[in-house]
Number of protein chains: 4
Amino acid sequence: MSTNALISVVYHSGYGHTAVVANKVQEGLASVEGVEARLFSVDDVDWDVLNASDAIVFGAPTYMGGPSAGFKAFADATAKPWFGDAWKDKLAAGFTNSGSNAGDKQVTLQYLATLAAQQGMLWIPLAVKSANGLNRNGYYLGLGTQSDNDSPEVTPGDADKTDAFNFGVRIAQATKRWKAGA
Amino acid sequence: MSTNALISVVYHSGYGHTAVVANKVQEGLASVEGVEARLFSVDDVDWDVLNASDAIVFGAPTYMGGPSAGFKAFADATAKPWFGDAWKDKLAAGFTNSGSNAGDKQVTLQYLATLAAQQGMLWIPLAVKSANGLNRNGYYLGLGTQSDNDSPEVTPGDADKTDAFNFGVRIAQATKRWKAGA
Amino acid sequence: MSTNALISVVYHSGYGHTAVVANKVQEGLASVEGVEARLFSVDDVDWDVLNASDAIVFGAPTYMGGPSAGFKAFADATAKPWFGDAWKDKLAAGFTNSGSNAGDKQVTLQYLATLAAQQGMLWIPLAVKSANGLNRNGYYLGLGTQSDNDSPEVTPGDADKTDAFNFGVRIAQATKRWKAGA
Amino acid sequence: MSTNALISVVYHSGYGHTAVVANKVQEGLASVEGVEARLFSVDDVDWDVLNASDAIVFGAPTYMGGPSAGFKAFADATAKPWFGDAWKDKLAAGFTNSGSNAGDKQVTLQYLATLAAQQGMLWIPLAVKSANGLNRNGYYLGLGTQSDNDSPEVTPGDADKTDAFNFGVRIAQATKRWKAGA
């Protein structure tokens, strides 16, 4: 009998690029047996599903050196589950996308990990060394993808999409393990 | 002939506590001869004045481990001056208020310093040792005040207000010096 | 049959205060049935035990705004297990002590979480709200204690020691759960 | 009459790559008229020169997600000037080098900015947009260079060296302006 786990991805996407990454993470999650993976834009969150989830994955574009205001508005609204310890001991992970290879994307990942910590959630890092085209941007705390100034249909590219799918698989496996041990 | 400097404070305040701090910073700025100090809520920013300012002070409450979405929406909108290098080589400083003594207020100050760096602005730190009731919360990157769960008329308290006024004076003096050297 | 878990605490302590916290964390760990808790100063680390541990807790004083050089030398030496993914999917947690209530202790906790992420370890946050004397310094990412300028026999005080013991218990329970689910 | 400014670069380099960057920053500093630029490895610091400097530039390789222990030992030793406010109101800037394009280099730059803030020093950011081969790694808080797994004679490459030289020029000009305004 398999352990069934419910995992939600909550993301904001201003121009569609972060949505591409969110969808790939969700595909990776859903590819693992026994995992139900839900995907929510911050504009259309089902709080009952989040509260029932075993893990929540946060995704935000990096704008002006940090998580977008659209994502931050969602984060501020999580004061309600925080107040009731509703997300304590769930698992969490995070990803961000921006136009630059590096730099301030780390600030967004740090924020997402801070949010998770405040909620009492355990944080799942990327755990992929930067080599052979994987994790080409060299992040460890979470996934940092990069899109060019073009349509979300063509960017971010395949390497980043593969990282996103693999991260979903990793998050799903960790969540099943955490749930099985309860 | 005195050097005249224009300094703006831009803040978001959800419940009025951060506004108290913003007002005290502005008082400190305005107490220095030759300084014109302007105060803007993020809901009512005059971008022409910001663009003309010699220094800009950023203020945001810490909500859920980072700057409030209200402040972040303003920060995201600074992509326009960033694009044109309009704020490059201005001075910057920052403050935050929250209900807890410590912890994640640092994340907000880090974000404000990141925003300033992305704009190419030089960052003025608090430069007050935590002692004798001054800088009681022990921050260095900027000013971190703390309010109790009560009306902004009574909290944050006098020690934090004194820190805010003094920080305004320091920012004003640094700005005059920076402008005089141009 | 109980799950047996091995958990190590690795700490640096310049003046003995961080050692007090480390000991209390270890007491908390060891109070949980089925947990073997080992305590290592950075000067006397048994790498075989670390590599065999199910979880590793990092402890460093905050000196000049970050983890002490003594701890950082240990962290730099973890490049060897990192290279071989030896610590991947272990659990991790962290604590820091300093003379100030707040501020830059967060930078040390952020560094410890960064180190854990680079190693591919899942991060266990404190998960205690700042109230009723618990978590009096208001940290979430890990434990932040504060010592006065006095002997480690009298400072940090009982409240911080209780937080340290409780954090040990929490880490032990999470580790048993994570191991049981494998 | 030109303003004469004294600027020091203090760096740690484990394998020689960060030393290459430090030398290029110093070249940039020294190329500006009226600037005396001194270069110190952390193993051979002249504290009198640092204390007399108008600006200090910090350089550290990123090891295991943060500044190297070698640099941190120097930073810990700056408790002495900190105690006496000896570096208050000097200018500061920072750079880091690592083998990865991105990610945790930001943590090192954040630490260097934190150190500067604790000392009460104003922070000069890079202020170069990531484009046309400049600032190819996309950092803003300071300079983040990247070296391959090869000799310091060939890596980091020319683009990063140009960034380092230009950053030196920028730091020198800011320091002259700050000093002239005193």
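To be clear, the structure that these remarks concern was listed above.
All chains use their own residue numbering, which begins from 1 and follows the written sequence. Going through the entries in the order they are written, you letter the chains from A and number the ligands from 1. Note on the predicted model: pLDDT of at least 70 is required for a residue's local features to be given, and 80 or more for side-chain atom pairs to be given and counted; whole-chain, interface and lining totals, by contrast, use all residues. The basis for every side-chain value is the complete set of heavy atoms in the structure, and neither hydrogens nor water enter the calculation.

Novice: I'm lost on the overall build of chain A in this one. Help?
Specialist: Only DSSP runs of H or I covering at least 4 residues are called helices, and only runs of E covering at least 2 are called strands; the numbering of each starts at the N terminus. Scanning chain A for helices and strands turns up six helices and seven strands. Radius of gyration: over C-alpha atoms. The globule rule applied is 2.2 Å multiplied by the number of residues raised to the 0.38 power. Taken over C-alpha atoms, the radius of gyration comes to 15 Å for chain A, in line with the 16 Å a tight globule of 182 residues would show. Dimensions of chain A, computed from the C-alpha atoms along their principal axes, are close to 40 × 35 × 25 Å. Think of it in three bands: with a 1.4 Å probe and only protein chains considered, a residue is buried below 20% of the maximum accessible area for its type, exposed above 50%, and partly exposed in between. Taking all 182 residues of chain A together, 62% fall into the buried category. Contacts: residue pairs with any heavy atoms within 4.5 Å of one another. In chain A, once contacts between residues fewer than 6 apart in sequence are set aside, the share between residues at least 24 apart is 78%. Carbon together with sulfur atoms contributes 47% to the accessible area of chain A, which is approximately 6200 Å² in total. His is not counted here, nor are the chain ends, while Lys and Arg score as positive and Asp and Glu score as negative. In plain terms, the charge of a residue is placed at NZ if it is Lys, CZ if Arg, CG if Asp and CD if Glu. Across chain A, the mean location of the 14 positive side-chain charges is 7 Å away from that of the 18 negative side-chain charges. Method for areas: the Shrake-Rupley scheme with a 1.4 Å probe, in which residue coverage is limited to the protein chains shown.

Novice: Can you walk me through the pattern of salt bridges in this structure?
Specialist: Should the charged atoms of two oppositely charged side chains come close, the side chains can pair. Each reported salt bridge corresponds to a side-chain nitrogen of Lys or Arg within 4 Å of a carboxyl oxygen of Asp or Glu. Under the counting rule described, the total for this entry stands at 24 salt bridges over all chains. For Lys72 of chain A, the salt bridge is made with Asp76 of chain A, and the minimal N-O distance between the two is 2.4 Å. With Lys72 of chain A and Asp76 of chain A both in helix H3 (residues 69–77), this residue pair falls four residues apart, about one helical turn. One salt bridge connects Asp89 of chain A with Arg170 of chain C, and the closest N-O pair in it is separated by 2.8 Å. Here Asp89 of chain A, found in the loop between helix H4 (79–83) and strand S5 (91–98), pairs with Arg170 of chain C, found in helix H6 (residues 158–180), and the two come from separate chains. Judged by relative accessible area, Asp89 of chain A falls into the partly exposed class, the value being 28%. Arg170 of chain C sits in the buried class, given a relative accessible area of 12%.

Novice: Teacher, can you tell me more about the relation of the copies chain A and chain C here?
Specialist: What relates the pair of chain copies is a rotation about an axis plus a shift along that axis. We place the copies in one frame by least squares, fitting the C-alpha atoms of every residue whose pLDDT is at least 70 in both. Aligned on chain C, chain A shows an RMSD of 0.0 Å; the corresponding rotation is 180 degrees and the shift along the axis is 0.0 Å. Here the two chains are linked by the operation of a two-fold rotation axis. Every residue of chain A has its C-alpha some distance from the rotation axis, and the shortest such distance is that of Gly181 of chain A, at 1.8 Å. Residue by residue, 100% of the interface of chain A is reproduced at the interface of chain C, so both copies engage with the same surface.

Novice: I tried to follow the pairing of strand S5 (residues 91–98) of chain C on my own but got confused; where do I start?
Specialist: For a regular strand, side chains alternate in direction, first toward one face of the sheet and then toward the other. Residues and elements named next belong to chain C. Of all eight residues that make up S5, eight are buried, and the element is covered over most of its length. Going residue by residue along S5, you find Leu91, Ala93, Phe95 and Asn97 tucked away on one face and Ala92, Gly94, Thr96 and Ser98 tucked away on the opposite face as well. Of the strand pairs in this sheet, strand S3 (residues 55–63) and S5 are connected by seven bridges, and their pairing is parallel. Looking across to S5, one finds that Ala60 is bridged to Thr96. Pairing geometry for S5 and strand S7 (residues 143–146), over four bridges, is parallel. Considered in S7, the bridge of Thr96 is made with Gly144. Being paired, for any two strands, means DSSP has found at least two bridges between them.

Novice: Even after reading the chapter, I still don't get the interface of chain D and chain C, so can you show me in this structure?
Specialist: When the parts of a complex come together, some accessible area is lost, and that lost area is often taken as the interface size. Facing the 21 residues of chain D at the interface are 21 residues of chain C. Once two parts are brought into contact, the accessible area they lose, counted with a 1.4 Å probe and summed over both, makes up the buried area. Approximately 1500 Å² of surface area, both sides summed, lies buried where chain D meets chain C, with 62% of it carried by carbon and sulfur atoms. The largest share of the area that chain D buries against chain C comes from Met64, Ala69 and Lys72 of chain D, three residues that together contribute 42% of it. Between chain D and chain C we count zero salt bridges in total. As used in this structure description, the phrase polar contact means that two N or O atoms lie within 3.5 Å; if the pair is within protein, one of them must be able to donate a hydrogen and the other to accept it, and residues adjacent in sequence are counted only when both atoms belong to side chains. Across the contact surface, chain D and chain C share ten residue pairs in polar contact (both at pLDDT 80 or more). Listing elements by their share of the side of chain D that touches chain C, those giving two or more residues are strand S4 (66–67), helix H3 (69–77), helix H4 (79–83) and helix H5 (105–118) of chain D. For the side of chain D that touches chain C, the residue count by class is eleven nonpolar, seven polar and three charged. Asp, Glu, Lys and Arg are counted as charged, while Ala, Val, Leu, Ile, Met, Phe, Trp, Tyr, Cys and Pro are counted as nonpolar; the rest, among them Gly, fall into the polar class.

Novice: Which parts of the structure should I look at to understand the packing of aromatic side chains?
Specialist: Working definition: an aromatic ring pair is given by the centre-to-centre distance plus the angle between the planes. Within 6.5 Å between ring centres, the rings of Phe, Tyr and Trp (the latter by its six-membered ring) count as paired, and their orientation is classed by plane angle as stacked under 30 degrees, edge-to-face over 60, tilted in between. For the structure on display, the rule yields 30 aromatic pairs over all chains. Ring centres 6.1 Å apart and planes at 70 degrees place the aromatic pair Phe58 of chain B and Phe71 of chain B in the edge-to-face group. Highlighted residues: Phe58 of chain B in strand S3 (residues 55–63) and Phe71 of chain B in helix H3 (residues 69–77), separated in sequence by 13 residues. The exposure class assigned to Phe71 of chain B is buried, which follows from its relative accessible area of 0%. Geometrically, a lysine NZ or arginine CZ counts as sitting over a ring once it is within 6 Å of the ring centre and also within 35 degrees of the ring normal. If you follow Arg177 of chain B out to its NZ or CZ, it ends over the ring of Trp178 of chain D, 4.0 Å from the centre.

Novice: Before we go on, may I ask you to explain the interface of chain A and chain C in this structure?
Specialist: Contact residues are listed per partner, giving 26 residues for chain A and 26 residues for chain C. Summed over both partners, the interface of chain A with chain C comes to about 2500 Å²; 61% of that surface belongs to carbon and sulfur atoms. Of all residues in chain A, Lys129, Arg177 and Trp178 of chain A give up the largest surface area on contact with chain C, accounting jointly for 27% of the area buried on that side. Where chain A packs against chain C, one counts eleven residue pairs in polar contact (both at pLDDT 80 or more). When residues of the side of chain A that touches chain C are traced back to their parent elements, those giving at least two are H4, helix H5 (105–118), strand S6 (122–123) and helix H6 (158–180) of chain A. In terms of residue count, H6 of chain A provides more of the side of chain A that touches chain C than any other element does, six residues in total. For the side of chain A that touches chain C, the class distribution of residues is 16 nonpolar, three polar and seven charged.

Novice: What exactly am I supposed to notice about the relation of the copies chain D and chain C here?
Specialist: The transformation that overlays chain D on chain C combines an axial shift of 0.0 Å with a rotation of 180 degrees, and the residual RMSD is 0.0 Å. Both copies contact each other with a shared surface, as 100% of the interface residues of chain D are interface residues in chain C too.

Novice: Any chance you could explain H6 of chain A here in plain terms?
Specialist: Working note: α-helix, 3.6 residues per turn, so residues spaced by three or four point in the same direction. Helix span, expected: 1.5 Å multiplied by one less than the number of residues in the helix. Taking 1.5 Å per residue as the helical rise, H6 of chain A with its 23 residues ought to reach 33 Å, and the 33 Å between its terminal C-alpha atoms agrees with that figure. For H6 of chain A, the set of buried residues is Asp160, Asp163, Ala164, Phe167, Gly168, Val169, Arg170, Ile171, Ala172, Ala174, Thr175 and Trp178 of chain A.

Novice: What's the story with the pairing of strand S2 (residues 35–41) of chain B in this structure? I'm lost.
Specialist: Looking at chain direction, strand S1 (residues 5–11) of chain B and S2 of chain B are connected through seven bridges and run parallel. Bridge pairing in S2 of chain B places Tyr11 of chain B opposite Ser41 of chain B.

Novice: Could you clarify how one ought to interpret the environment of Gly65 of chain D in this entry?
Specialist: Checked against the element boundaries, Gly65 of chain D lands in the loop between strand S3 (55–63) and S4. Between the C-alpha atoms of Gly65 of chain D and Val107 of chain D, which are 42 residues apart in sequence, the distance is 6.6 Å. In this view, Gly65 of chain D contacts Tyr111, Thr114 and Gln118 of chain C together with Asp104 and Val107 of chain D; residues no more than four positions away in its chain are not counted.

Novice: Quick question: what am I supposed to make of the environment of Gly84 of chain C here?
Specialist: Residue and element names in this part refer to chain C. Structurally, Gly84 can be placed in the loop between helix H4 (79–83) and S5. Among the residues examined, Gly84 registers a relative accessible area of 55% and is labelled exposed. In sequence terms Gly84 and Gln119 are 35 residues apart; their C-alpha atoms lie 9.7 Å from each other.

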